[in-house]
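# Observations on chain architecture
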Amino acid sequence: MRIRFAGTGTGDCKLKKKAGKESRRRTAVMIDDRFIINPSGDLFDFAAESGLSELFSGLSAAAVTCSEDYCFSPDELARLAGRREIPLLCGNLAAGRAAGIKNVRAVRCTPMLPMEIAGYTVIPVPTEEPGEDIYEIKYNLLIKGERVVYLRLHGGLPTGNEWRVISADVPDCVIFAAPLGGAPLSGGGITRGSLEGVLLFERMMSNAGIAGERTRFIITSLPTDKVRQIHEETVSLLEGTPNAVAYDGYFVNL
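Thresholds, definitions, all that
- Residues numbered from 1 in each chain as written.
- Predicted model: local features only at pLDDT ≥ 70, side-chain atom pairs only at ≥ 80, totals over all residues.
- Heavy atoms only, no water.
- Pairing = 2+ DSSP bridges.
- Helix = DSSP H or I, 4+ residues; strand = E, 2+ residues; numbered from the N terminus.
- Right-handed = clockwise from strand over helix to strand, strands pointing away.
- Salt bridge = Lys/Arg side-chain N within 4 Å of Asp/Glu carboxyl O.
- Buried < 20%, exposed > 50% of the residue type's maximum accessible area, 1.4 Å probe, protein only.
- Axes fitted to C-alpha atoms, helices over the stretch in contact; angles between N-to-C directions.
- Contact = heavy atoms within 4.5 Å.

Relative to strand E6 (residues 104–108), strand E5 (residues 86–90) runs parallel, the two being bridged by five bridges. Bridged to Leu-88 within E6 is Ala-106. Handedness of the E5-helix H3 (residues 92–98)-E6 crossover: right-handed.

The structure is reproduced here in structure tokens:
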């Protein structure tokens, strides 16, 4: 199973710096280059600048973890679909935004109900992170294929449902969003995605026997900052921990 990061930033627009790890587009993750999670608005820009003109030719499904712009661009999804049908795993609000997109078929997810899509089993795990709309449910996703990947792209305190899911299907890889970077837990870090919150969650997994030496931990959705070297700072803050820090174009084979 290959995991490719087509964007690793946070916010509603890309951060354009010098070429390299400090230039970040909105977060998007691809599984085996055929299943994309959070098709934001920078995908074709990423493909063009990376010399991957055929990157989306094998795409067969998409999923969004919330309906907000930093997770979901209907225009980009329309371009991705083109002349083929793309099932979109999503919540109710995102399904409303996807209505009318040619060749996109919204598949509304039910919390905790396993669903089959593009050859993967996906379990949508509801989070307690609030959305802009009071009716929004943001999801983390457990994806089972040749390996098991858990995308914890939204914060929130660990819930009983979440713990049951990752205990039943122990992940080979966990991807964490850290849009607050080094913010302290006391400032809402664990509920919104700080590095301290990530490390606390990892310790809880380890203490529960859910994570071990072979578990891969990857950090994405880094803060947007036009001055600071956020990637370099994050690598430094995580030195001595089992975490890799993703950047646009980073990929791993599990």
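Counting across every chain of the model gives twelve salt bridges. The closest approach of N and O atoms between Arg-105 and Glu-85, which form a salt bridge, is 3.0 Å. Here the residue Arg-105 occupies a position in strand E6, and Glu-85 occupies one in the loop between helix H2 (74–81) and E5, the gap between them amounting to 20 residues. Here Arg-105 falls in the partly exposed class, since its relative accessible area comes to 41%. Look at the salt bridges and you will find they share partners, linking Arg-25, Asp-45, Glu-49 and Asp-248 into a network.

The next subject is the sheet that holds strand E13 (residues 243–245). The mixed open sheet is built from seven strands, whose spatial order is E7-E8-E9-E10-E11-E12-E13. Edge positions in the open sheet fall to strand E7 (115–117) and E13, since each of these has one partner strand only. With direction set aside, neighbouring strand axes in the sheet form an average angle of 25°. Both strand E11 (residues 173–177) and strand E12 (residues 216–220) contribute to a ladder of five bridges, which runs parallel. Bridge assignment links Phe-176 to a residue of E12, and that residue is Ile-219. Across the sheet, helix H6 (residues 195–207) touches strand E10 (148–152), E11, E12 and E13, and the angle it forms with E11 is around 155°.

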